[in-house]
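Residue-level structural notes
One letter stands for each residue in the lines below.
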Amino acid sequence: MNPGTLYIVSTPIGNLEDITLRAIRTLKEVDLIACEDTRHTRILTSKYGISTPLVSYFQYKKIQKGEFLIGKLKNGKNIALASDAGTPGISDPGVHIIRLALENKIPVVSIPGPTALIAALTVSGKPTHKFVYEGFLSNKSSQRRRRLKELSEEKRTVILYESPHRIVRMLTDILEVYGDIEIALARELTKKFEEVRRERVSSLIQHFKSTPPRGEFVLII
Ligand code: SAM
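Per-chain numbering applies: the sequence of each chain, read as written, is numbered from 1 onward. Thresholds applied to this predicted model are a pLDDT of at least 70 for local features of residues and 80 or more for the giving and counting of side-chain atom pairs; totals over whole chains, interfaces and linings are not thresholded and use all residues. Note: side-chain values were computed over all heavy atoms of the structure, leaving out hydrogens and water.

**Quick notes on the packing of helix α6 (residues 141–151) against helix α7 (residues 167–178)**
Heads up, the condition is: A fitted line through C-alpha atoms represents every axis, and for helices the fit uses only the stretch in contact; the resulting angles, taken between N-to-C directions, go from 0 to 180 degrees. Segments assigned H or I by DSSP are reported as helices when at least four residues long, segments assigned E as strands when at least two residues long, and all are numbered from the N terminus. In what follows, roughly perpendicular refers to angles from 65 to 115 degrees, roughly parallel to angles under 35, roughly antiparallel to angles over 145, and oblique to any angle outside these ranges. What makes a crossing left-handed is the near helix being turned counterclockwise from the far one by less than a right angle; a clockwise turn instead makes it right-handed. Here, two residues are considered to be in contact whenever any of their heavy atoms come within 4.5 Å of each other. Gly is placed with the polar residues, together with every amino acid not listed as nonpolar (Ala, Val, Leu, Ile, Met, Phe, Trp, Tyr, Cys and Pro) or charged (Asp, Glu, Lys and Arg).
Contact geometry of α6 with α7 gives a least axis separation of 10 Å together with a crossing angle of 45°. Of the possible angle classes, the one that applies to α6 and α7 is oblique. Note on packing geometry: the crossing formed by α6 with α7 is right-handed. Note on element contacts: α7 touches α6 through Arg169, Met170, Asp173, Ile174, Glu176, Val177 and Tyr178, opposite Ser141, Arg144, Arg145, Leu148, Lys149 and Leu151. In terms of residue class, the contact of α6 with α7 is made up of six nonpolar, one polar and six charged.

**Structural notes on the pattern of salt bridges**
Cut-off, in case you're wondering: Any Lys or Arg side-chain nitrogen found within 4 Å of a carboxyl oxygen on Asp or Glu counts as a salt bridge.
Applying the stated rule across the entire model yields 14 salt bridges. One salt-bridge network, held together by shared partners, links Arg144, Arg145, Asp173 and Glu176.

**Some words on unusual backbone geometry**
Keep this limit in mind: When accessible area is computed with a 1.4 Å probe and restricted to protein chains, residues below 20% of their type maximum are described as buried, those above 50% as exposed, and intermediate ones as partly exposed.
Despite not being glycine, Glu188 shows a phi value in the positive range, around 55°. Tracing the sequence through the fold places Glu188 in the loop between β8 (182–187) and β9 (195–200). Exposure remark for Glu188: the relative accessible area of 15% places this residue in the buried category. Of note, Thr190 is a non-glycine position whose phi angle comes to about 70°, a positive value.

**Description of the sheet that holds strand β1 (residues 6–9)**
Each strand in a sheet pairs with its neighbour through backbone hydrogen bonds, running either in the same direction (parallel) or in the opposite one (antiparallel). Keep this limit in mind: When DSSP finds two or more bridges between two strands, those strands count as paired.
Taken in spatial order, the five strands make up an open sheet running β3-β2-β4-β1-β5, and their pairing is parallel. What marks the edges here is a single partner per strand, and that holds for β3 (54–56) and β5 (108–111). Across the sheet, the mean angle separating the axes of adjacent strands is 25° when strand polarity is ignored. In this sheet, strand β4 (residues 79–81) lies alongside β1 in parallel orientation, the contact comprising three bridges. From the neighbouring strand, Ile8 faces β4, where its bridge partner is Leu81. Where helix α2 (residues 38–47) meets the sheet, it contacts β2 (32–35) and β3, and its direction lies at approximately 150° from that of β3. Lying on the sheet, helix α4 (residues 94–103) is in contact with β1, β4 and β5; it crosses β1 at an angle near 150°.

**Thoughts on the domain arrangement of the protein**
Test applied: The domain boundaries here were taken from an automatic or database domain assignment. Once two parts are joined, some of their accessible surface, as seen by a 1.4 Å probe, is lost; buried area is that loss totalled over both. Polar contacts, as used here, are pairs of N or O atoms within 3.5 Å; protein pairs need one atom able to donate a hydrogen and one able to accept it. Residues neighboring in sequence count only if both atoms are side-chain atoms.
When the domains of the protein are assigned, the result is domain 1 (6–111) and domain 2 (116–220). Of the roughly 570 Å² buried where domain 1 meets domain 2, counting both sides, 63% is carbon and sulfur surface. Three residues, Ile13, Ile90 and Ser91, lead the burial of domain 1 against domain 2; their summed loss comes to 74% of the area buried on that side. Seen at the junction of domain 1 and domain 2, the total is zero salt bridges. Joining domain 1 to domain 2, the criterion identifies two residue pairs in polar contact (both at pLDDT 80 or more). The residue inventory of the side of domain 1 that touches domain 2, partitioned by class, reads two nonpolar, three polar and one charged.

**Focus on the site of the ligand**
Put simply, the rule reads: Near, as used in this document, describes a residue that has one of its heavy atoms within 4 Å of the molecule or strand being considered. Methods summary: accessible areas were calculated by the Shrake-Rupley approach with a probe of 1.4 Å, and residue burial reflects only the protein chains presented.
Around the ligand, 18 residues are found, and the nearest of them are Ile13, Thr115, Tyr161, Leu189 and Phe217. A distance of 2.9 Å separates a nitrogen atom of the ligand from a polar atom in the backbone of Ile13. In the model, a nitrogen atom of the ligand is placed 3.5 Å from a nitrogen or oxygen of the Glu188 main chain. Compared with its free state, where it exposes 570 Å², the ligand has 91% of that area covered by protein. Elements represented by at least two residues in the shell around the ligand include exactly β7 (157–162) and β10 (217–220).

If you want it as structure tokens, here you go:
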């Protein structure tokens, strides 16, 4: 391990067995693990006997925490960046510290692994050779619809992230903009209630009217 390196460590998106041997070794060998929620990451570190200290890295504290972590890296400490799920920097606060490290000429090394968008895409049945990842669209309805209108011109497969309390609104906007197309919806991937539905948008809306949406969602259009 080269001193003063920031390791971007992918962790499971649900099933704790979805972690690489290299990720476990890295989490054991670094001086500090910077994560979103220490309680959440501790479940993983306890399972694998990792005793490295954890420090939380919440978005609202990102400036102070970023500078604190950069200071440690400059003093030769190795840090692993982990998020609550999947790959740090993909629709989560990790992106800020990665940029800050690069600006400070700190080596950044990827320890690749799970990410919800690729897990969902590969089981969706939609074309995988060209795709565009949009993450979370705006929670403002007008902005979300405007972006969906632009995306409706897109030839590549479109991947969106969504939370349970907004999924029906998002599906309703998709129905309005795209019409009643067939899309794939991946929910709770790798977890107990994992499901992938490949259905028309109207049928998904109907489904969630009778079964309240729970868990985490990826939409593949
Ligand atoms: N960094 C993560 C990644 O690499 O995928 C994404 C973090 S983002 C804050 C959380 C969102 O990812 C959720 O709202 C959901 O859209 C998606 N997600 C994460 N885990 C998931 C899972 N097990 N099943 C489906 N979607 C998931």
